[in-house]
Amino acid sequence: MEASTLTLELTAAPSAADLDLVDAGLHAANCAAADLDSVRPLGVFVRDRAGSVVAGLRARSWGRAAEIQQLWVRPDLRRQGLATRLMQAAEGALAERGCGEVMLETYSWQAPALHMRLGYRVAAQFEGMPDDGVRFVLRKTLRPTDQPNEEPSR
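Just so it is clear, the model here is predicted, and its values are computed rather than measured.

**Some remarks on the environment of S52**
Stage number 1. The topology assignment puts S52 in the loop between β1 (40–47) and β2 (53–62).
Stage number 2. With relative accessibility at 38%, the residue S52 sits in the partly exposed group.
Stage number 3. Spatially, the C-alpha atoms of S52 and E9 are 45 Å apart, while their sequence positions differ by 43 residues.
Stage number 4. When sequence neighbours within four positions are dropped, the list of residues in contact with S52 reads V46 and R47.

Written as C-alpha cells, this is what we have:
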C-alpha cells in the first residue's frame, strides 16, 4: 500500500472501535519491543468493617521502575492520614520488589503537596489545564530493601 492512496481523517468523535484498534496496535508493537508480561500490578486498600473499599491505591512495577497510577480516598475520610499510609505501604512493597524509582502524575487540584511532603520532586509540569490547573509528573528515589514490609493495620 502506498502512502499516496491513504487518507487522513481528523475527528472530535472517534469511534470506540477505531480507538481500540490504535490501542491494540500500539500494544502489539510494545510487546514486540519489550517484555510487558513482566509488569507487576500492586493494589493497596483500606476497607471498612463491612469489607468495602474506602480508600485505595493502584500501582505497577517493571524492573527497577514503578508507577503510582491511582490514589483515592473517600471524601469523608480525607485528611486523616489514609493517603499517606497507602503511599508508604505501596512504596515499601515496591522497594521490596527492588524498585529504585517511582513516578506518578497528579494535578494541582489533586494532591501534589501530599506527594511532595512524602519526598517526591517535580520532574515535569504542564501549564494550561482547565481553570489554570497544572499537571505534574513527580518522581522519588526509593531505597530497595530486603526487609519484609509490615502488614498495615486495619
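**A word on helix α2 (residues 82–96)**
Stage number 1. Counted at 1.5 Å a residue, the expected span for α2 with its 15 residues is 21 Å, and the 21 Å between its end C-alpha atoms agrees.
Stage number 2. Counting buried residues along α2, 11 of its 15 residues qualify, which places the element largely inside the surrounding structure.
Stage number 3. By the burial criterion, the buried members of α2 are L82, A83, L86, M87, A89, A90, E91, G92, A93, L94 and A95.
Stage number 4. Contact partners of the buried residues in α2: β1, β2, β3 (65–73), β4 (101–107), α3 (112–117) and β6 (133–141).
Stage number 5. Looking one or two places after α2, you find G98, whose phi comes out positive at around 95°.

**Structural notes on a nonpolar patch on the surface**
Stage number 1. A contiguous nonpolar surface patch, about 290 Å² in accessible area, is contributed by F45, V53 and W72.
Stage number 2. Inspection of the secondary structure puts W72 in strand β3.
Stage number 3. Here W72 falls in the partly exposed class, since its relative accessible area comes to 39%.

**Details of the layout of surface pockets**
Stage number 1. Volume-wise, the largest pocket comes out at about 800 Å³.
Stage number 2. Lining the largest pocket are 28 residues; nearest its centre among them are L71, A83, Q110, A111 and L114.
Stage number 3. Only β3, α2, β4 and α3 provide two or more residues apiece to the lining of the largest pocket.
Stage number 4. Ranked by the residues each element gives to the lining of the largest pocket, the list is headed by β3, at 7 residues.
Stage number 5. Its residues placed into classes, the lining of the largest pocket shows 14 nonpolar, 8 polar and 6 charged.

**Let's talk about the nonpolar core**
Stage number 1. In terms of nonpolar packing, the biggest core is built from 29 residues, with L57, I68, L94 and Y120 touching the most fellow members.
Stage number 2. Those elements that place two or more of their residues in this core are β1, β2, β3, α2, β4 and β6.
Stage number 3. In terms of residues, this core owes the most to one element, α2, which gives 8 residues.

Here is what the cut-offs are and how they apply
Residues numbered from 1 in each chain as written. Predicted model: local features only at pLDDT ≥ 70, side-chain atom pairs only at ≥ 80, totals over all residues. Heavy atoms only, no water. Helix = DSSP H or I, 4+ residues; strand = E, 2+ residues; numbered from the N terminus. Buried < 20%, exposed > 50% of the residue type's maximum accessible area, 1.4 Å probe, protein only. Contact = heavy atoms within 4.5 Å. Expected span 1.5 Å × (residues − 1). Patch = residues over 30% accessible without salt bridge, like charges linked within 9 Å, V, L, I, M, F, W, Y side chains within 5 Å. Areas by Shrake-Rupley, 256 points an atom, 1.4 Å probe, with all protein chains shown as cover. Salt bridge = Lys/Arg side-chain N within 4 Å of Asp/Glu carboxyl O. 1 Å grid on protein atoms, 1.4 Å probe; cavity = no way out; pocket = protein on both sides within 12 Å on 5 of 7 lines; lining within 4 Å. Points joined across faces, edges and corners; volume = space filled by probe spheres on them. Nonpolar A, V, L, I, M, F, W, Y, C, P; charged D, E, K, R; others polar. Core = buried A, V, L, I, M, F, W, Y, C linked by side-chain atoms within 4.5 Å.

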